[in-house]
Amino acid sequence: AKRVAEEERSLAAFEDHTKALAGSFDEVETHFKGVIATAGQLLRTQLGAMVREFASKEADFLQQALQEKPRRSTWRCDVMPLREDLEEAYLAIVDRAAKDLDRVEQFLYPQLRMIVSSLLPSYTGGLLEEPAWPEGATPSVAPLGDKVTVDLAVSWWRRWFASRRISKERANHLRCLIEDDFLKIADDLVQEAETHLTERVDYIMGRVKAVSSGLQTGVERRTANLARERTLLEGAGDAQAAERFEAEQQQRAEACRERQVGYAAALAELELGLEA
C-alpha cells in the first residue's frame, strides 16, 4: 500500500512536468512560426518596395529618353541589377531569421536535456542533441532566373515602340510590365523562404515532440501498471485475484522475453548493415 501511494504521488508529479513541458514546446513552436511570419512580411515589404522603386526609375529613364529622341525605335531594359539587389536582400533577411532560430535552439536543447534528465535519469537517446541541420543551408533563388517580359528580344521592343503612344504612356506601360513580372518573382521568393524556414522548424519540432511523446507514453505505461497494482491491493484478500495477477505478470514477462529476442535479432542485422 505504501509503494502504491508513493507511485501515485510520483506519477502525478511526473505527469504535471510532462504537461508543462508539452506547453513549453507549444510556446517554442509558436515563437518559431512568429519568426517565419515576420521574415515573410519583411520580405514582401522590402522586395516589393525594391521592385516598385526600380520600375519607377526605369520608367523615368524611358520617358526622358523619348523626350530627347521621340522617334526612338528600340530600348533595352537591364533588369540584372534588380535581380542582384533582390537576391541580396532576400538572402540577408532569411539569414537573420535563421539566426533567430539558432538562438532559440542554443537555449532549447540544454534546457531540454536538463529537464528530461531530471525526469528520466536513465535516458541516453540522441534526440536532445543539437540537430544536424546543414550549416549554411540557404533557400532556393530559382525564381530569380525566370525569364520575364522585359527580357524579350529586340524585335519585340521594336513592335512595342511601333504602337502609337505618347512618351508618358510608354513609360507607365514599362513600369507596369516590370512590376507585374517582378512582384510575382518576389512572391515566389517569399514562398521559397517560408518553405525553407518551415522545413527547419518542422525538423526541430519533430525531435522535440518525439521527446514529449516518449514522456507521455511513460505516463500511460505507469498509469496502467499502477491500476494493476491498485487492483491487486484492493483484492488482496482474494486468493483468485492474486493468482490471476501472478499469471498475468508471468505472461507479461514471457512476452517481454520474446520481444527481447526479436530486438536482439534486429540489432544484430542493423550492426551488420552498419559494418557493411
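Quick note: structure is the one above.
Residues numbered from 1 in each chain as written. Predicted model: local features only at pLDDT ≥ 70, side-chain atom pairs only at ≥ 80, totals over all residues. Heavy atoms only, no water.

Draft legend 1. Focus on the overall build of the chain. Scanning the chain from terminus to terminus reveals five helices and zero strands. Listing each helix as α and each strand as β along the chain from the N terminus yields α-α-α-α-α. Burial analysis of the chain (276 residues in total) assigns 31% to the buried set. Relative to all contacts within the chain whose residues are 6 or more apart in sequence, the contacts with residues 24 or more apart total 85%. On the chain, roughly 17,300 Å² of surface is accessible, and the fraction owed to carbon and sulfur atoms is 52%. (Helix = DSSP H or I, 4+ residues; strand = E, 2+ residues; numbered from the N terminus. Buried < 20%, exposed > 50% of the residue type's maximum accessible area, 1.4 Å probe, protein only. Contact = heavy atoms within 4.5 Å. Areas by Shrake-Rupley, 256 points an atom, 1.4 Å probe, with all protein chains shown as cover.)

Draft legend 2. Structural detail: the packing of helix H2 (residues 80-119) against helix H4 (residues 167-234). For the pair H2 and H4, the least separation of the axes is 11 Å and the interaxial angle reads 10°. Between H2 and H4, the interaxial angle falls into the category roughly parallel. Classifying every residue of the contact of H2 with H4 gives 23 nonpolar, one polar and six charged. (Axes fitted to C-alpha atoms, helices over the stretch in contact; angles between N-to-C directions. Parallel < 35°, antiparallel > 145°, perpendicular 65-115°, else oblique. Nonpolar A, V, L, I, M, F, W, Y, C, P; charged D, E, K, R; others polar.)

Draft legend 3. Here's a closer look at the nonpolar core. One finds Phe32, Leu43, Val150, Ile178, Phe182 and Val208 to be the most contacted residues of the largest nonpolar core, which totals 53 residues. Within the residue set of this core, elements represented by two or more residues are helix H1 (2-68), H2 and H4. If sequence neighbours within four positions are ignored, Leu43 has contacts with Gly48, Tyr90, Ile93, Val94, Val190 and Ala193. (Core = buried A, V, L, I, M, F, W, Y, C linked by side-chain atoms within 4.5 Å.)

Draft legend 4. Local environment of the packing of aromatic side chains. Within this structure, the stated rule accounts for zero aromatic pairs. Of note, Arg222 hangs over the ring of Phe14, and the distance from its end group to the ring centre comes to 5.1 Å. (Phe/Tyr/Trp six-rings, centres within 6.5 Å; stacked < 30°, edge-to-face > 60°. Lys NZ or Arg CZ within 6 Å of the ring centre and 35° of its normal.)

Draft legend 5. Quick look at a negative patch on the surface. Together, Asp78, Glu84, Asp85, Glu87 and Glu88 line one region of the surface with negative charge. Relative to the helices and strands, Glu87 is located in helix H2. (Patch = residues over 30% accessible without salt bridge, like charges linked within 9 Å, V, L, I, M, F, W, Y side chains within 5 Å. Salt bridge = Lys/Arg side-chain N within 4 Å of Asp/Glu carboxyl O. Lys, Arg positive; Asp, Glu negative; His and termini not counted. Charge placed at Lys NZ, Arg CZ, Asp CG, Glu CD.)

Draft legend 6. Looking closely at the packing of H1 against H4. The N-to-C vectors of H1 and H4 enclose an angle of 175°; their axes lie 7 Å apart at closest approach. Classified by the interaxial angle, the pair formed by H1 and H4 is roughly antiparallel. Along the lines of polarity and charge, the residues of the contact of H1 with H4 split into 36 nonpolar, twelve polar and 17 charged.

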